[in-house]
Amino acid sequence: MIKVARRVKNFGAVYQRALGFHHDSVRDEPAPYPGVKTEFTKEMRFILPEEVPTIPIYRVLNSQGKVINPSHDPGFEKEDLVEMYKVMVKTSIMDRILYQSQRQGRISFYMTNFGEEATQIGSARALKFKDVVFPQYREAGVFLWRGYTPLECMHQCFGTSKDFGKGKQMPVHYTGAKVNIQAVSSPLGTQIPQAAGYAYALKQRDRDSCAVCYFGEGAASEGDCHSAMNMAATLDCPIMFFCRNNGYAISTATKDQYRGDGIASRGIGYGIPAIRFDGNDLFAVYNATKAARKLCVEEQRPVVLEAMTYRVGHHSTSDDSTAYRSVDEVKHWDTVDTPINRIRSYLSERAWWDETQEKEFRSSARGEILRGFREAENTKLPNPLLIFDEVWDEIPTQLQAQKEELIKHCSKYAENYPLGNHDEMK
């Protein structure tokens, strides 16, 4: 599989042949300039983007869940593949419950993962636990695969006193050292240079792991992404830039985001190995991520992965996607070519999963999630004074004064605030 990623080394030659450049008459005269590694040519010709071959999409399963090339079937054991399928389904069920709860006003905000379950579970399965993950905000499946529980997700979305982030983040901004995943952060793209810096630190002390940074194609338009890729390329940082190209950056379609060949081609431009694959194909995601990790760790260099997928849900509960895409378009990806249906067809064909198991598991998973939902909804919120903690190593005098003022204010006007919903202020 490593050959899949390694082929990018020959892209320069491929481009030159495709564009008809000839170097025979000057092959003994390499260009001496330090900025590039190439040769002179007697031809004056612009490279037009439409003439450059596009990067193909690697896939293993077709839309019906049939293996295209048996040699690329990863050969999972039944128990392993069924577990991956279960986490995909559980992610979807949790999404539906929390999305509906936001519409009922029970939580303030939510972002679903509908249509991107294979991208998350396939990549998470290919990683080692010691690989540090820097998420964006649509990686709930990665959290669940690594051991985060639905109950812990519920506590975070409700911002309870049992939330690892102590209620300081908005919903879906999960965090947890227990799963070796950095905290989700709202500002778009900030995790990308952070991950590159972390990878550089890993290179100095641990050459058997890497950083993994998830982001969408919209975040790839941020300057942070370009800075991070250039840094990682020049310093040979062991980082996997994992782009979920799901077609839309909130309301902006990809046709309005860029004119080039997606995101993988940008890796080539920075001198980074890159691969594009079908993000709705669990096997292709797993194979590509596993091969990319091997290249990244063994050669101590960055890799760009572009998972082609589709965001079935609205961008968030603050978005109405019917304003910028058709219902029929969404219906196709939600019914005809879903990653969950694709892998279920594979399981059913081998008699590893049937309708009875499907109904039983969905009922059980829904029950588990609803129990967690009820528990979190009835758990007290954090002590309001925690807002002053974990910002400074030692609280500055002006902040300490504000804290004392808040204590006095809440004591004087306690009847005007729902302090009974919170842990005791102390």
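Residues numbered from 1 in each chain as written. Predicted model: local features only at pLDDT ≥ 70, side-chain atom pairs only at ≥ 80, totals over all residues. Heavy atoms only, no water.

Student: For the overall build of the protein chain, give the residues involved together with the corresponding values.
Tutor: Tallying secondary structure elements over the protein chain gives 14 helices and seven strands in all. Taken over the C-alpha trace, the protein chain has a radius of gyration of 24 Å; the compact-globule value for 426 residues is 22 Å, and the two agree within 12%. Each principal axis of the C-alpha atoms in the protein chain carries an extent, and together these give about 90 × 60 × 45 Å. Going through the 426 residues of the protein chain one by one, you find that 48% of them count as buried. (Helix = DSSP H or I, 4+ residues; strand = E, 2+ residues; numbered from the N terminus. Rg over C-alpha atoms; globule rule 2.2 N^0.38 Å. Buried < 20%, exposed > 50% of the residue type's maximum accessible area, 1.4 Å probe, protein only.)

Student: Which residues make up the pairing of strand S2 (residues 211-216), and what are the values?
Tutor: The buried count for S2 comes to six of six residues, which makes it a mostly enclosed element. Side chains Ala211, Cys213 and Phe215 project from S2 onto one buried face, and the interleaved Val212, Tyr214 and Gly216 project onto a second face that is buried too. Relative to S2, strand S1 (residues 132-134) runs parallel, the two sharing three bridges. Among the inter-strand pairings, Phe134 is bridged to a residue of S2, identified as Cys213. Pairing between S2 and strand S3 (residues 239-245): six bridges, direction parallel. Note on S3: the bridge partner recorded for Tyr214 is Phe242. Once the chain exits S2 it traverses helix H8 (residues 223-235) before rejoining the sheet at S3, and the crossover so formed is right-handed. (Pairing = 2+ DSSP bridges. Right-handed = clockwise from strand over helix to strand, strands pointing away.)

Student: Give me the lowdown on the environment of Gln136, citing residues and values where you can.
Tutor: When you line up the elements, Gln136 lands in the loop between S1 and helix H5 (140-145). By relative accessible area, which is 4% here, Gln136 ends up buried. Sequence separation between Gln136 and Pro187 is 51 residues, and the spatial gap between their C-alpha atoms is 9.3 Å. Ignoring any residue separated from it by four or fewer positions in sequence, one finds Gln136 in contact with Val184, Ser185, Leu188, Gln191, Tyr214, Phe215, Gly216, Ala219 and Arg244. (Contact = heavy atoms within 4.5 Å.)

Student: Any chance you could break down the pattern of salt bridges for me, citing the residues and the numbers?
Tutor: Enumeration according to the criterion identifies 26 salt bridges in this entry. In this structure, Glu368 engages Lys90 in a salt bridge whose closest nitrogen and oxygen atoms are separated by 3.0 Å. Separated by 278 residues along the polypeptide, Glu368 in helix H13 (residues 355-377) and Lys90 in helix H3 (residues 78-103) bring together distant segments of the chain. Looking at Glu368, the relative accessible area reads 31%, which means it is partly exposed. On the basis of relative accessibility, which here comes to 19%, the residue Lys90 falls in the buried class. (Salt bridge = Lys/Arg side-chain N within 4 Å of Asp/Glu carboxyl O.)

Student: Quick rundown of the sheet that holds S1? Include the residues and the values.
Tutor: With parallel pairing, the five strands of this open sheet are ordered in space as S1-S2-S3-S7-S6. Of all the strands in the sheet, the pair left with one neighbour each is S1 and strand S6 (274-278). On average, each strand axis in the sheet is inclined to that of its neighbour by 20°, with strand direction left out of account. Relative to strand S7 (residues 303-308), S3 runs parallel, the two sharing six bridges. Following the sheet pairing, Cys243 is matched in S7 by Glu306. (Axes fitted to C-alpha atoms, helices over the stretch in contact; angles between N-to-C directions.)

Student: Report on the nonpolar core, specifying residues and quantitative values.
Tutor: In this structure, Met94, Tyr174 and Phe277 are the most contacted members of the largest nonpolar core, which totals 70 residues. Considering every element that reaches this core, the biggest residue donor is H3, with eleven residues. Every residue in contact with Met94, bar those within four places of it in the chain, is listed here: Tyr110, Ala140, Leu144, Pro150, Cys153, Met154, Tyr174 and Ile369. Counting 27 residues, the second-largest nonpolar core is a separate cluster that includes Ile192, Cys225, Cys243 and Val304. (Core = buried A, V, L, I, M, F, W, Y, C linked by side-chain atoms within 4.5 Å.)

Student: Go over the packing of helix H7 (residues 191-205) against H8 with me, naming the residues and quoting the values.
Tutor: Two elements in contact, H7 and H8, have axes whose closest approach is 8 Å; the angle formed by their N-to-C orientations is 15°. In terms of axis orientation, H7 runs roughly parallel to H8. Considering the relative orientation of H7 and H8, their crossing is left-handed. Side by side, H7 and H8 meet where Ile192, Pro193, Ala196, Gly197, Tyr200 and Lys203 of the first sit next to Asp224, Cys225, Ala228, Met231 and Leu235 of the second. When its residues are assigned to classes, the contact of H7 with H8 shows eight nonpolar, one polar and two charged. (Parallel < 35°, antiparallel > 145°, perpendicular 65-115°, else oblique. Left-handed = near helix turned anticlockwise from the far one by under 90°. Nonpolar A, V, L, I, M, F, W, Y, C, P; charged D, E, K, R; others polar.)

Student: Can you break down helix H12 (residues 339-349) residue by residue, with the values?
Tutor: Residues of H12 that are buried: Pro339, Ile340, Arg342, Ile343, Tyr346 and Leu347. The arc that holds every buried residue of H12, seen down its axis, measures 165°, which confines them to one face. Looking at the buried side of H12, the elements it contacts are H3, helix H4 (117-126), S6, helix H10 (282-299) and H13. Looking one or two residues past H12, Ala351 carries a phi angle of roughly 60°, positive in sign. (Arc of directions from axis to C-beta.)

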